[in-house]
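Secondary and tertiary structure notes
Listed here are the chains, written in short residue letters.
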Amino acid sequence: MEGGMLCGRLDVPIDTDPQDARAAAARMVTELARDFHDTDVEVSWNPPLKPGAWTAHVTLAAGTDAAPPNRP
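A brief report on the enclosed structure follows. Here the structure is a predicted model, which is why all the values come from computation and not from measurement. Each residue is numbered by its place in its chain's sequence as written, counting from 1. Local features in this predicted model are restricted to residues of pLDDT 70 or higher, and side-chain atom pairs are both shown and tallied only at a pLDDT of 80 or more, whereas totals for entire chains, interfaces and linings draw on every residue. Excluding hydrogens and water, the side-chain figures rest on all heavy atoms present in the structure.

A closer look at the packing of aromatic side chains
For any two aromatic rings, the description comes down to two numbers: the centre-to-centre distance and the angle of the planes. Under the convention used in this document: Pairing of aromatic rings covers Phe, Tyr and Trp, the last through its six-membered ring, and needs centres within 6.5 Å; plane angles under 30 degrees mean stacked, over 60 mean edge-to-face, and all others mean tilted. Distance and angle both matter: a charge sits over a ring if NZ of Lys or CZ of Arg is within 6 Å of the ring centre and within 35 degrees of the ring normal.
Inspection of every chain in the model, using the stated rule, returns one aromatic pair. Between the aromatic rings of Trp45 and Trp54, the centroid separation amounts to 6.4 Å while the plane-to-plane angle is 80°, which identifies the pairing as edge-to-face. Over the face of the ring belonging to Trp54 we find Arg22, whose NZ or CZ atom lies 5.1 Å from the ring centre.

A few points about the environment of Pro51
Worth spelling out the cut-off: Counting from the N terminus, the helices are DSSP H or I runs at least four residues long and the strands are E runs at least two residues long. Per-residue accessibility, obtained with a 1.4 Å probe over protein chains only, is compared with the maximum for each type, and a residue is labelled buried under 20%, exposed over 50%, and partly exposed between these values.
Take Pro51: it is sitting in the loop between strand S1 (41–45) and strand S2 (56–60). Judged by its relative accessible area of 82%, Pro51 falls in the exposed class. The spatial distance from the C-alpha of Pro51 to the C-alpha of Pro18 is 9.8 Å, given a sequence separation of 33 residues.

Right, dumping it as structure tokens:
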């Protein structure tokens, strides 16, 4: 599948622990992948380059086939 970038905010309280915020973001991405692409993904986080900004890699879960590209 094609790569891309998604930036945005989570609907979590401002004082949420960073680990909990990353878990919420990963949960949102995995649920979107299941709902829109019928596939399972894994989210792995890179070390932060600056406070409050995180980058993750989203990959297909082991044993998961990619959905056809022209799926409705």
